[in-house]
Amino acid sequence: MGRAQKRTFKARANPLGTAAVPGAATAVQSKEEVPVLLKKLSSSDANDRVWAAASASNLLMSEDDSVRRMLLSNGVIAALVERLSDSVPDVVVQASGALHALVAMDHGAAVEVSRRNVFAAVQALIPRLAASIDGIIRNSEESQQLGASGRKLVMLTADNIMSLLRVLCETVPASLNQINDMALAPFIVSFFKVAAKMPPSLVHTAGQLLHTLTDENTTAKRALLNHSDAVSVLFSVVQAQNEDICVSADDAAIVRMLAGAVLMNLKDAAIKQLEATASQSGADIAPEDARLWDDATRAVLRVVSSFIAFDPHEAASQALQLAKTVPEAPVIASPEPSRQEAELDRLRYRIDYVQLALELAANIFTDEGTNDADAEVEVEAGAQESASDDEEDEKDEGDEDMADDASVHSPPADFDEADMNDVLGDEAAAKREAEDAVQQSILGMFIETIVPHLLRLAEPTTATFLASATAGCVPNVASRMVLVAEDFAALNERALGCFNNFLLVIEESLRPWFRMHSDNVAQWWACLVAVAERLLAADSPSADLANTDQQLRFAVLDPTIGCMWTLARCVEGSVPVTPEQIEGLIHVYIQAPSSALRIKAVGALGNIARRHPGHIEANRRIGCFLLDQAIATPLQALTQSSTASVRVAVEPIVEALDLLFDIYGDMEFDYDEPVFVRENMLARLRQLYIPVRKLAKTVDRRKHRSLRDRCDLAVQNLRAFIDYKASERKAAR
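Residues numbered from 1 in each chain as written. Predicted model: local features only at pLDDT ≥ 70, side-chain atom pairs only at ≥ 80, totals over all residues. Heavy atoms only, no water.

## Section: the overall build of the chain
Regarding its fold elements, the chain presents 31 helices and zero strands. A total of 733 residues make up the chain; the buried ones form 50% of that total. Sequence-distant contacts, at least 24 apart, represent 78% of the contacts inside the chain between residues at least 6 apart. Entry remark: accessible area of the chain is about 33800 Å², with carbon and sulfur atoms responsible for 49%. (Helix = DSSP H or I, 4+ residues; strand = E, 2+ residues; numbered from the N terminus. Buried < 20%, exposed > 50% of the residue type's maximum accessible area, 1.4 Å probe, protein only. Contact = heavy atoms within 4.5 Å. Areas by Shrake-Rupley, 256 points an atom, 1.4 Å probe, with all protein chains shown as cover.)

Following this line, the structure appears as structure tokens:
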């Protein structure tokens, strides 16, 4: 169990709708043109500088890597950084946009930009931007003189600068110290203060930067917490109504979610700060302070729940319809996308934020749900302990009153049916108390408001599969639809990862909850099975897209089977599985392209095999599969392979062995005699002992110590298991 994998934000095309500079170069005919272009960046003619900056931006973003390399080798980065201090706003906006585009697409260039004094140039620019934005908000005389186009340039420059810093935070960790030293908190928070008066995309950019900057960055967290009103501003945004922030409900929801994401980044540091302050006075954290952050968490979850109420199937249908109506690319490429392409980009942008919401939900539940579950376990355990104590007292009193010759199976003479009702009432009260505590906690809120959305977002759509996503598309759109399919697959994957986090928290701290909610288990299992079946049954695309399509399918199938494994483990295999589904999991194991997916398939099957009594045939099918296909067959092949290939496949074998030890650990299980004994598993395990020992020795302890230790333990356990089962059967004769 752990926090969701850190993600990055997608770059947006023309977020504020800027127009390209007429006549700007989009290609070069020879390398001699590059120095001429760069020379114009320092021309005394402002129009030349604007043209050169726009041309550099176009060429850096072109698909011709050779042109980009020529520009870089001729010092375009230093020239663009210098233009950030230009007196002409058009030059600054083009230079900042070019730098942002460059660092977003080229990691090596991002490192070089961070070394070229860009932070000093940005820091000098920010006060000018802040003053201009303040004037625009106040509608000052100076801002009125700028006109609509001038005000737009100010906003776009701010967007470019914050996007540039955010990408540098994500791609060049060494730049964080310099960005921290810039003390950007007042500037960035100011956009949230006046969100209703700002272009929504600009507030989104500010939120992205603040979220990235406060992720595992103690210095930035401390600066924001020490800012006079940053936290209160973010709180007010999260709790505001959408219409109070933006005209568009979608835009407002993004602003509120980004504010909430920043608050959740700050929460741990804020609590520690409160604890440190309280400890200095020898007191506890004031209840109202602790409640403030708890209320913030609930408010953020409500925002997340609202945001992920997103219909992926409707979005996929919209994407496919747009793709089919995109016109063919003109002979002379236009820098501006078509209307349909712009709509597709906006849809991808929306999906990107749904993924952020899922990441936020997963992290909140990992951090907060465990605490709730632990507290709930204490409540339930305390109630059960009280009931047990009452039973113990009654038993002692009854024993004292029994006649010496009374049967140990007879009830005490003073047995009262009301006493038993009291005991049963205590147990029922304990369950009610546990259930009430869950409903009032973050856990209960997650179950009621988040989990249903997760299962819907986990469902593959027609846009997840390349055969349907690219059907009827003109050639220039097919590549864009591959990106759309990747986005939908990532959305499915993220939703499943969030759901798995939820299951892991309950498994770790509140497993009895599953016994009281078997209907939930059945519903969740059915949803996961439906996802897996859809992934395995969809049509295949053309040969040139087959590999990409398979990668996308298995990228979603892997967490799907992982969730099935976790759910089966939580309920000791008691899921409503059918024989056909067991065969499906075996098929996944056989077709799996990775060791990780085989482990998950083996794990799910192994836990299903533990069901008893009444599931002998299912146990036989799974037990024989584990022994024959998951252990014996690969062992036979692996003993004839190189060390490198052995290392890839060893984990599923060890996992299957560990599961066999658990499944057949007790001869009292109803399946032990008809399966383990009659299938002659003991003799077959004896034959496998030496190959397993040889397999363990192929794992290099110096390079893979934990894996080697696990292999060695499996060898020891196999030896002990063989001896135990042999003695067990002998004693039974």
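## A few points about helix H11 (residues 200-213)
Along its 14 residues, H11 runs 20 Å from first to last C-alpha, staying within 8% of the 20 Å computed at 1.5 Å per residue. The element H11 is largely enclosed, with a buried count of 13 among its 14 residues. (Expected span 1.5 Å × (residues − 1).)

## What about unusual backbone geometry?
Each neighbour pair has its own omega, and for His-612 with Pro-613 the value is -5 degrees, a cis peptide bond. Within the secondary structure layout, Pro-613 lies in the loop between helix H26 (595-608) and helix H27 (616-638). Although it is not a glycine, Asn-117 adopts a positive phi angle of roughly 60 degrees. Tracing the backbone shows Asn-117 in the loop between helix H6 (107-114) and helix H7 (118-138). Since its relative accessible area comes to 54%, Asn-117 is described here as exposed. The backbone of Glu-216 sits at a positive phi, close to 55 degrees, despite the residue not being glycine. Among the structural elements, Glu-216 can be located in the loop between H11 and helix H12 (218-226). We classify Glu-216 as exposed; its relative accessible area is 69%.

## Overview of the side chain of Gln-340
As for its position among the elements, Gln-340 is in helix H17 (residues 339-401). Given a relative accessible area of 11%, Gln-340 falls into the buried group. Here Thr-325 takes part through its backbone oxygen, which lies 2.8 Å from a polar atom of the side chain of Gln-340. (Polar contact = N/O pair within 3.5 Å; in protein donor to acceptor, adjacent residues only side chain to side chain.)

## Quick notes on the confidence of the model for the chain
Residue-level pLDDT values for the chain average 87, and 85% of them are 70 or greater. Considering only residues more than four positions removed or in separate chains, one finds that residues 379-413, a stretch of pLDDT under 50, has 17 contacts. (pLDDT = per-residue confidence, 0-100.)

## Observations regarding the environment of Phe-465
By the secondary structure assignment, Phe-465 is in the loop between helix H19 (442-457) and helix H20 (466-469). Residue Phe-465 is classed as buried on the basis of its relative accessible area of 3%. Apart from residues lying up to four places away in sequence, Phe-465 is in contact with Pro-460, Arg-534, Leu-535, Ala-538, Asp-549 and Arg-553.

## A few points about the nonpolar core
Taken as a class, soluble globular proteins show a tendency for nonpolar side chains to be buried jointly. Residues Phe-446, Phe-499, Phe-502, Phe-514 and Trp-524 are the most contacted members of the largest nonpolar core, which totals 235 residues. Contacts of Trp-524, omitting those with residues within four sequence positions, involve Val-451, Leu-455, Phe-499, Phe-502, Leu-503, Trp-513, Phe-514 and Leu-567. (Core = buried A, V, L, I, M, F, W, Y, C linked by side-chain atoms within 4.5 Å.)

## Here we look at the packing of helix H5 (residues 89-105) against helix H8 (residues 141-171)
Relative to each other, H5 and H8 sit at 25 degrees, their axes nearing to 9 Å. With respect to H8, the element H5 is oriented roughly parallel. Remark: the crossing between H5 and H8 carries left-handed chirality. Residues Pro-89, Asp-90, Val-92, Val-93, Ser-96, Gly-97, Leu-99, His-100, Val-103 and Ala-104 of H5 form the contact with H8, whose own contacting residues are Leu-153, Leu-156, Thr-157, Asn-160, Ile-161, Ser-163, Leu-164, Arg-166, Val-167 and Leu-168. Its residues assigned to classes, the contact of H5 with H8 comprises twelve nonpolar, six polar and two charged. (Axes fitted to C-alpha atoms, helices over the stretch in contact; angles between N-to-C directions. Parallel < 35°, antiparallel > 145°, perpendicular 65-115°, else oblique. Left-handed = near helix turned anticlockwise from the far one by under 90°. Nonpolar A, V, L, I, M, F, W, Y, C, P; charged D, E, K, R; others polar.)

## Topic: the pattern of salt bridges
Per the counting criterion, the structure on display carries 34 salt bridges. In this structure, the salt-bridge partner of Arg-620 is Glu-617, at a minimum N-O distance of 3.3 Å. Residue Arg-620 and its partner Glu-617 are both found in helix H27; the two are separated by three residues, about one turn of the helix. Residues participating in the shared-partner salt-bridge network are Arg-49, Glu-82, Arg-83 and Asp-86. (Salt bridge = Lys/Arg side-chain N within 4 Å of Asp/Glu carboxyl O.)

## Points about the packing of aromatic side chains
Enumeration over the complete set of coordinates arrives at 17 aromatic pairs. With a centroid separation of 5.7 Å and 20 degrees between ring planes, the pair formed by Phe-446 and Phe-502 is classed as stacked. Taken together, the residues span a long stretch of sequence, with Phe-446 in helix H19 and Phe-502 in helix H21 (residues 475-509) at a distance of 56 residues. Exposure remark for Phe-502: the relative accessible area of 0% places this residue in the buried category. Centre to centre, the rings of Tyr-664 and Tyr-671 are 5.6 Å apart; their planes meet at 90 degrees, and the pair counts as edge-to-face. Assigned by exposure class, Tyr-664 and Tyr-671 land together as buried. Its guanidinium or amino end placed over the ring of Tyr-689, Arg-719 lies 5.2 Å from that ring's centre, counting from NZ or CZ. (Phe/Tyr/Trp six-rings, centres within 6.5 Å; stacked < 30°, edge-to-face > 60°. Lys NZ or Arg CZ within 6 Å of the ring centre and 35° of its normal.)

## With respect to the environment of Ser-190
With respect to the element layout, Ser-190 can be found in helix H10 (residues 185-193). Here the alpha-carbon distance between Ser-190 and Ala-230, two residues 40 residues apart in the chain, equals 8.7 Å.

## Quick word on the environment of Val-575
Relative to the elements of secondary structure, Val-575 occurs in the loop between helix H24 (543-570) and helix H25 (579-591). For Val-575, a relative accessible area of 4% corresponds to the buried category. In this structure Val-575 touches Val-521, Trp-525, Leu-567, Ala-568, Ile-608 and Arg-611, once residues within four positions along its chain are discounted.

## So, the side chain of Ser-305
Its place among the elements puts Ser-305 in helix H15 (residues 287-307). A polar contact is formed between the side chain of Ser-305 and the backbone oxygen of Thr-449, at a distance of 3.1 Å. In this view, Ser-305 contacts Thr-449, Ile-450 and His-453; residues no more than four positions away in its chain are not counted.

## Side note on H7
Under the 1.5 Å per step criterion, the end-to-end length of H7 is 30 Å for 21 residues, consistent within 8% with the ideal 30 Å. One or two steps after H7, the chain reaches Asn-139, where phi turns positive at roughly 55 degrees.

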